[in-house]
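Chain by chain, the residues run as shown.
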Amino acid sequence: MKGMVFTEFLEMVEDEFGWEVADEIIEESNLPSGGAYTSVGTYPHTEMVSLVVNLSKKTEVAVPDLLKAYGRYLFKRFNDAYGTFFENVESTFDFLQKIENYIHVEVLKLYPEAELPSFDYERPSENQLVMFYKSERPFADFAEGLIQGCILHFGESITIEREDLNEANGSEAKFILSKAV
Ligand code: HEM
């Protein structure tokens, strides 16, 4: 994963739980990188898993809840850092449908070594969007948090129903988004 995913995560931990907690989880995770992340570097995603598991032990907040909270947080940061992806996009569904064929494509041009998931879409009706998440990494909860962040950003009333397609590790999931009408 890109270093930015780690630096933003540790930023969130500092904001929410204090820098001591951030230091402690780095220490306890025995990270191959030592935890000295730079935003342009690339690190094993297993380091993120270790950091989240240790944060969960310390805070007694469940791992899925931490990953979702991080997704919501990171969406806001993306909004600050990548304004161009938000230009002329008016709604949650418009934005989310651009991830696979536009946003993540551009991300890969910027960072050729980025490890990205894939999304398939279905649009059963005007008020529903179905997203199929698939990854080499177990981050369906993180994806759900990013989707929540997107809904909050556009201020819409949209519910998320989730079906895990790989219950063992969260690397495949179906998200059914329904607009309140
Ligand atoms: C401005 C918007 C976005 C930008 C700039 C962006 C960029 C990125 C970047 C840089 C990574 C890290 C790649 C790596 O670590 O190697 C990533 C990963 C990821 N992105 Fe996006 N992303 C955006 C929006 C979204 C949204 C709205 C979703 C919602 C589902 C999403 C889903 C994911 C997931 C789940 C990952 C983690 C990797 C994995 O699951 O395999 N992204 N994205």
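Residues numbered from 1 in each chain as written. Predicted model: local features only at pLDDT ≥ 70, side-chain atom pairs only at ≥ 80, totals over all residues. Heavy atoms only, no water.

**Observations regarding helix α1 (residues 3–17)**
With 15 residues, α1 should reach 21 Å at 1.5 Å per residue; the first-to-last C-alpha distance of 21 Å fits that figure. Among the residues making up α1, those that are buried are G3, M4, V5, F6, E8, F9, L10, M12 and V13. For α1, the elements touching its buried residues are α2 (19–28), α3 (45–59) and α4 (63–81). Positive backbone phi, at 95°, marks G18, one or two positions downstream of α1. (Helix = DSSP H or I, 4+ residues; strand = E, 2+ residues; numbered from the N terminus. Expected span 1.5 Å × (residues − 1). Buried < 20%, exposed > 50% of the residue type's maximum accessible area, 1.4 Å probe, protein only. Contact = heavy atoms within 4.5 Å.)

**Concerning the sheet that holds strand β3 (residues 158–164)**
Hydrogen bonds between backbone atoms are what pair the strands of a sheet, whose relative direction is either parallel or antiparallel. Spatially, four strands are ordered β1-β2-β4-β3 in an open sheet, and the strand pairing comes out antiparallel. Of all the strands in the sheet, the pair left with one neighbour each is β1 (118–125) and β3. Between one strand axis and the next, the sheet turns by 20° as a mean value, whatever way the strands run. Examined bridge by bridge, strand β2 (residues 128–134) and strand β4 (residues 172–179) share seven bridges and lie antiparallel to one another. Residue pairing for β4: K134 is matched across the bridge by E172. In this fold helix α6 (residues 99–110) packs onto β1 and β2, with an angle of close to 150° to the strand it touches most, β1. Helix α7 (residues 140–154) rests against β2, β3 and β4 of the sheet, and its axis sits at about 170° to β3. (Pairing = 2+ DSSP bridges. Axes fitted to C-alpha atoms, helices over the stretch in contact; angles between N-to-C directions.)

**Describing the domain arrangement of the chain**
Interface size is commonly expressed as the accessible surface area that is lost when the partners come together. For the chain, the assigned domains are domain 1 (3–61) and domain 2 (71–179). Facing 10 residues of domain 1, the contacting portion of domain 2 comprises nine residues. On the domain 1 side of the contact with domain 2, M4, E8 and H45 bury the most area, a combined 50% of that side's loss. Summed over the shared surface of domain 1 and domain 2, the number is one salt bridge. The partner of R77 in a salt bridge is E8, with the nearest N and O atoms 2.8 Å apart. Applying the counting criterion to the domain 1 and domain 2 interface returns two residue pairs in polar contact (both at pLDDT 80 or more). For the side of domain 1 that touches domain 2, the secondary structure elements donating two or more residues are α1 and α3. Of all the elements, α1 adds the most residues to the side of domain 1 that touches domain 2, at five residues. When the residues that make up the side of domain 1 that touches domain 2 are grouped by side-chain class, the tally is five nonpolar, two polar and three charged. (Domains from an automatic or database assignment. Buried area = accessible area lost by both parts, 1.4 Å probe. Salt bridge = Lys/Arg side-chain N within 4 Å of Asp/Glu carboxyl O. Polar contact = N/O pair within 3.5 Å; in protein donor to acceptor, adjacent residues only side chain to side chain. Nonpolar A, V, L, I, M, F, W, Y, C, P; charged D, E, K, R; others polar.)

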